[in-house]
Amino acid sequence: MKLKFCGGVRTVTGSCYYLDTGSYKLLVECGAFQGKDDVERLNYEPFPFNPSEIDAVILTHAHYDHCGRLPVLVKQGFKGKIISTQPTRDLTKIILLDAARLQKEEYSRWESRSKAEKPKKESSEEGALFMEKRPLFLEEDVQPVIDLFDVYPYGSSVHLSKDVEFRLRDAGHILGSSIVELWIKTAEGRERKIVFSGDLGQPGIRIVRDPDLIREADYVVCESTYGNRLHKSKDETILEFLSILKQAQEQNGNVLIPAFAIGRSQEVLYEINLFVENKILENLPVYLDSPMAKEATNIYKQYPTFYDEDARRLLEKGDDPFQFPGLVFVNSAEESKRLISKQGIVIIAGSGMCTGGRIVHHIKNNIEKENTHMIFVGYQVDGTLGRRIVDRTPEVKIMGKQYSVRAQIHTLGGFSAHGDQRDLRYWLRSFGHTPKKIFMVHGDEEISIGFGTNIQSELKVEVDIPKLNEEVELK
Ligand SMILES: [Zn+2]
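Bear in mind the structure is a predicted one, so any value in this text is a computation, not a measurement.

Asks: Mind showing me how you'd approach the overall build of the chain here?
Replies: The helix and strand inventory of the chain stands at 14 helices and 22 strands. Scaling as 2.2 N^0.38, a compact globule of 475 residues should have a C-alpha radius of gyration of about 23 Å, and the chain matches this with 22 Å. Taking the principal axes of the C-alpha coordinates as reference, the chain spans close to 70 × 60 × 40 Å. When burial is assessed residue by residue, the chain has 47% of its 475 residues classed as buried. The contacts of the chain with a sequence gap of at least 6 include a subset with a gap of at least 24, amounting to 75%.

Structure representation (structure tokens):
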């Protein structure tokens, strides 16, 4: 049985793992690479397997770095089924449609600019475009992907073939996110179990439940995004969030929250909803300036059975956690532009790493003001505008123009959708029998290596940090 790491190794994006059992070929994830040019370029490389030979894809959740290359896979001949939970299917649709639109816009901007000047590679300063960066897929390529989905609840074991069985468990990362358990009968008739962690959530985060603990595995493929870091506690994070909002109110400054449309946006709304409904904050105008986040919020509303107990209780009491006085859903680009003249407001907008989308315009308008507060609630990949701001770069280039960063910058790691070092360790320790091997993936290289080395000596288990396109034989 062969396992090949086709992405999401020694980096946090492009997750894709190929498993060939001898009688069945399976992918777990088919994500896009994001970040610097030389990373995004990998999206245009051929897959290191034949898409038409793949029997099925199991998708752990809807984030673009896990699902973004599905349309390419389908265009290149994949006809099998895509397995996920119901919310993952619905959220994947809006993520892919949005990505198609963004790529088309970016490409036509690039085309018209390159007609005006001699084509040249732009600096990576602004999440730039290069000549080869044609859209990976178009809007019309999305529905054929969605048509291939087969959805399953958490907890039920299903046979994909005589020798391959899977079960989805709750990963507690975003709505519908899963851990994948796979049981495979080898040619010799032995059963081997492989567990893919997917992205593991932070225990205690809002709306979703805590990650399920898995008791047994021969092999574990585990994410390590925050393998080097400890988040502040949830309570501390909430207090810090509240004090920033209050301070901004006193200074009549704007609060900018770059947020992924799926997951972080809903969690931030949920938190502000509690402040407002409990009268801890009053007269706070909040603009969710992201049509995609609005759509995602509607999907969240459709699946309360996936909520944790607190969120369900809130619903039962009649409080819609995604609706409160002062909240405005901004639809059109015109409405978004009108926010320029406003002060003392909170703007939640994408993209989460400030690589595009409406947040970029709000940053341009606000970053040079000292009473602006920028709150980062999600991971900022190296090479993105968000990362440069978080790293306190004194001047940043946005759409070809330099801006001084005078705004107050806050990072609230406690909002993270990923568990920290302690959470990952707890999850790995919960395996009753020590696995034969753990593959550390989905982390910046030094983080995966550092965390892997610690786990190896602590749990007395073999840990491997695979390289891109490395293939291992699972005995
Ligand atoms: Zn994710």
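Asks: Help me understand the packing of helix α4 (residues 86-116) against helix α8 (residues 291-302) in this model?
Replies: Helix-helix packing: each pair is described by the crossing angle between the helix axes and the interaxial distance. Two numbers describe how α4 lies on α8: the axes approach to 10 Å, and their chain directions differ by 170 degrees. Taken together, the axis directions place α4 and α8 in an arrangement best described as roughly antiparallel. Contact with α4, carried on its side by Pro-87, Asp-90, Leu-91, Ile-94 and Asp-98, involves Met-292, Glu-295, Ala-296 and Ile-299 of α8 and no other residues of that element. Class assignment for the residues of the contact of α4 with α8 results in six nonpolar, no polar and three charged.

Asks: Can you walk me through the domain arrangement of the chain in this structure?
Replies: Note on interface size: it is often stated as the accessible area lost on association of the parts. Segmentation of the chain into domains returns domain 1 (2-228 + 417-473) and domain 2 (234-415). Each of domain 1 and domain 2 was reduced to a C-alpha centroid, and the two centroids are 26 Å apart. Facing 31 residues of domain 1, the contacting portion of domain 2 comprises 31 residues. For the side of domain 1 that touches domain 2, the per-class residue count stands at 13 nonpolar, eleven polar and seven charged.

Asks: For this particular structure, what's the right way to read the nonpolar core?
Replies: Within soluble globular proteins, side chains that are nonpolar tend to cluster in buried spots. Tyr-17 and Ile-257 are the most contacted members of the largest nonpolar core, which totals 128 residues. Among the domains, domain 1 (2-228 + 417-473) and domain 2 (234-415) are the pair contributing at least three residues each to this core. The contact partners of Ile-257, leaving out residues within four places of it in the chain, are Val-268, Val-346, Ile-347, Ile-348, Ile-375 and Val-377.

Asks: How should I be thinking about the sheet that holds strand β14 (residues 327-329) in this particular structure?
Replies: In sheet architecture, strand pairing relies on hydrogen bonds along the backbone and comes in two forms, parallel and antiparallel. Strand order in the open sheet formed by six strands is β14-β13-β15-β12-β16-β19, with parallel pairing between adjacent strands. Two strands close off the open sheet at either side, each with one partner strand: β14 and β19 (408-411). Recorded for the sheet is a direction-independent mean angle of 20 degrees between the axes of neighbouring strands. The sheet contact formed by strand β12 (residues 255-258) and strand β16 (residues 373-376) spans two bridges and is parallel. Paired with Val-255 across the two strands is His-373, which belongs to β16.

Asks: Looking at this structure, I do not really get unusual backbone geometry. What am I missing?
Replies: With the exception of glycine, the majority of residues adopt a negative phi angle, and the majority of peptide bonds are in the trans configuration. Backbone torsion omega between Gly-350 and Ser-351 reads 5 degrees, so that peptide bond is classified as cis. For Ser-351, the position within the fold is in the loop between β15 (346-349) and α11 (358-366). Even without a glycine there, the phi angle at Cys-354 is positive, about 60 degrees. Tracing the backbone through its elements, the reader meets Cys-354 in the loop between β15 and α11. A residue is classified by how many C-beta atoms lie within 10 Å of it, and Cys-354, with 27 of them, is buried. With a phi angle near 50 degrees, Met-399 is a residue other than glycine that sits in the positive phi range.

Asks: I would appreciate a short explanation of the sheet that holds strand β9 (residues 178-185) in the present structure.
Replies: The seven strands lie next to each other as β7-β8-β9-β10-β11-β20-β21, forming an open sheet whose pairing is mixed. Both outer strands of the open sheet, β7 (158-159) and β21 (462-464), are each paired with one neighbouring strand and no more. As paired elements, β7 and strand β8 (residues 164-170) share two bridges and run antiparallel to each other. Bridge pairing links His-159 to Glu-165 in β8.

Thresholds, definitions, all that
- Residues numbered from 1 in each chain as written.
- Predicted model: local features only at pLDDT ≥ 70, side-chain atom pairs only at ≥ 80, totals over all residues.
- Helix = DSSP H or I, 4+ residues; strand = E, 2+ residues; numbered from the N terminus.
- Rg over C-alpha atoms; globule rule 2.2 N^0.38 Å.
- Buried ≥ 20, exposed ≤ 12 C-beta atoms within 10 Å, placed from the backbone.
- Contact = placed C-beta atoms within 7 Å.
- Axes fitted to C-alpha atoms, helices over the stretch in contact; angles between N-to-C directions.
- Parallel < 35°, antiparallel > 145°, perpendicular 65-115°, else oblique.
- Nonpolar A, V, L, I, M, F, W, Y, C, P; charged D, E, K, R; others polar.
- Domains from an automatic or database assignment.
- Core = buried A, V, L, I, M, F, W, Y, C linked by C-beta atoms within 7 Å.
- Pairing = 2+ DSSP bridges.

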